[in-house]
Amino acid sequence: MTKYILYGWHNCASASIRWILAELGVAYEYRLVNLARGVEEQRDPSFRALNPKGRVPILLIGDEHEPLSESGAIAFYLGESHPDAGLLPAVGTPGRNKFLETYTFVINSHLPVMRDWLQVIREVEDGPLQAAVAKGGALPVPLASDAAEVRGIRKLALRRLVANLGVLEAELADHDYLAFRDSPSVIDFVFTITTTWEPFIHQLIANKFPNLKAYRERMHARPTWAPLAIEEKVAEDLGPLRDWEQEYAAFLQ
Ligand SMILES: N[C@@H](CCC(=O)N[C@@H](CS)C(=O)NCC(=O)O)C(=O)O
C-alpha cells in the first residue's frame, strides 16, 4: 500500500519533495494540481480543505491521509522518518546543530526572497496581483501596486539573494554539500530546486558563485535528477536575458 500521496505542480516547491522521495526510494502516489493561469486548481474548495493556504506541496501521510504542507516541514518529516537514508542528522549526532542552522537559513531567508522575486515576475506577466486575488480571494497576497514598487521589490530581492547566496557559497568552500557536510541532506534538495525556477538566478550562480555552480552540477549528476528533470519539465538552458531583465543585468557582474 502507498504510504504517501503528494500533491504538486511542475518545477516548483513540490519538486524538491519528489526528489527526496526518489532518493529515499519510497513509492508514492503523485497528484498534479494544475496551477496554470486560468485553471488554478489550487483555488478549489476540496484542495483548500487539505491546505487552506492553497499551495503545493501537500503530503498525505499514512492510512489516515494526514495532510502536511510547507516544503520545509515535509522535507524535515521525510528526513526524520527515514533515518537509514542519512538525509538528516539525528538529535545528538555530529553536525546536527550546523544542519539546523543552514536548514533554517534556507527556509527562512532564501525561500522568501525567491518568492518575492518570482511573485513580482508573475505580477508583470499577469497584471496587478490584486486582480488575481479578487478573482479567487486567494493567496498570494498582493505585493505591489505599481511598476515602481515592482522594481523596488525586485531590486531588494536581488540584493538579499546575492547576500544569501554568498553565505551558502562560503559553506561550500571546504565541503561538497550544504551545512558543512560531505554527503547530502534534505536541505540540498530543497535549495537546489530553487536554482531551476528562474533562468536569471541560474545565471547569477553561474557568473558569480563558483562553489555553488560546482555544487549545482554535483547535485544534478545524481542519478535521481535526470528522470525528475524530465518529469518536472525543467529547462536547463540558461538562455538570453528577457527584455525586462536587462535592467537587472548589473547584478550578474
Ligand atoms: N512556503 C511554501 C510555499 C509553497 C508555494 O508557494 N507553492 C506554490 C507553487 S511553487 C503554489 O502553490 N502557488 C499557488 C498560488 O500561489 O496560488 C512551501 O515552501 O511549501
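Source: prediction; values computed, not measured.

Draft legend 1. Region of the structure containing the site of the ligand. By nearness alone, 13 residues border the ligand, and Cys12, Gln42, Val56, Glu70 and Ser71 come closest of all. Within the contact set of the ligand, a nitrogen atom lies 2.8 Å away from a backbone nitrogen or oxygen of Val56. Within the contact set of the ligand, an oxygen atom lies 2.7 Å away from a side-chain nitrogen or oxygen of Ser71. For the ligand, the accessible surface in isolation is 510 Å², of which the surrounding protein chains cover 87%.

Draft legend 2. Just the packing of helix H6 (residues 147-171) against helix H9 (residues 210-220), in detail. Two elements in contact, H6 and H9, have axes separated by 8 Å at closest approach and are oriented at 70 degrees. Judged by the inter-axis angle, H6 sits roughly perpendicular to H9. Residues Leu165, Leu168 and Glu169 of H6 form the contact with H9, whose participating residues are Pro210, Asn211 and Leu212. Here the contact of H6 with H9 is built from residues that sort into four nonpolar, one polar and one charged.

Draft legend 3. Just the pairing of strand S1 (residues 4-8), in detail. Most of S1 is tucked away: five of the five residues are buried. Where burial is concerned, the two faces of S1 agree: the one with Tyr4, Leu6 and Gly8 and the one with Ile5 and Tyr7 are both buried. In terms of strand pairing, S1 meets strand S2 (residues 28-32) through five bridges, oriented parallel. By the bridge assignment, Ile5 is partnered in S2 with Glu29. One crossover worth recording links S1 to the parallel S2 by way of helix H1 (residues 13-24), and it is right-handed. The sheet contact formed by S1 and strand S3 (residues 58-61) spans four bridges and is antiparallel. Looking at S3, one finds that Ile5 is bridged to Leu60.

Draft legend 4. Spatial organisation of the packing of H6 against helix H8 (residues 199-208). Packing of H6 against H8 brings their axes to within 12 Å, and their N-to-C directions diverge by 45 degrees. Taken together, the axes of H6 and H8 lie oblique to each other. Of the two possible hands of crossing, H6 and H8 adopt the one that is right-handed. Residues Leu158, Leu161, Val162 and Leu165 of H6 lie in contact with H8, whose contacting residues are Phe200, Ile201, Leu204, Ile205 and Lys208. Of the residues assigned to the contact of H6 with H8, the class counts are eight nonpolar, no polar and one charged.

What counts, and where the lines are drawn
- Starting from 1, residues in each chain are numbered consecutively following that chain's sequence as written.
- Local features are withheld for residues below a pLDDT of 70 in this predicted model, meaning they are given only at 70 or higher, and side-chain atom pairs are given and counted only at 80 or more; totals for whole chains, interfaces and linings count all residues.
- Hydrogens and waters are ignored; side-chain quantities use all the structure's heavy atoms.
- One heavy atom suffices: a residue is near a molecule or strand as soon as one of its heavy atoms comes within 4 Å of it.
- In protein, a polar contact requires one atom able to donate a hydrogen and another able to accept it; more generally it is a pair of N or O atoms within 3.5 Å, and residues adjacent in sequence count only if both atoms are side-chain atoms.
- Methods summary: accessible areas were calculated by the Shrake-Rupley approach with a probe of 1.4 Å, and residue burial reflects only the protein chains presented.
- For every element, the axis is a line fit to its C-alpha atoms; helices are fit only across the contacting stretch, and the angle between N-to-C directions ranges from 0 to 180 degrees.
- Helix and strand definitions here come from DSSP, where helices need a minimum of 4 consecutive H or I residues and strands a minimum of 2 consecutive E residues; each element is numbered from the N-terminal end.
- Between 65 and 115 degrees an angle is taken as roughly perpendicular, under 35 as roughly parallel, over 145 as roughly antiparallel, and anywhere else as oblique.
- Throughout, a residue-residue contact means that at least one pair of heavy atoms, one from each residue, lies within 4.5 Å.
- Three classes are used, and their members are as follows: Ala, Val, Leu, Ile, Met, Phe, Trp, Tyr, Cys and Pro are nonpolar, Asp, Glu, Lys and Arg are charged, and the others, Gly among them, are polar.
- The buried label applies to any residue whose accessible area, calculated with a 1.4 Å probe on protein chains only, is under 20% of its type's maximum; exposed applies above 50%, and partly exposed to all values in between.
- By definition, two strands form a pair when at least two bridges between them are found by DSSP.
- The handedness rule is simple: strands pointing away from the viewer, and a clockwise path from the first strand over the helix to the second, make the crossover right-handed.
- The handedness criterion is simple: a crossing whose near helix is rotated anticlockwise from the far helix by less than a right angle is left-handed, and one whose near helix is rotated clockwise is right-handed.

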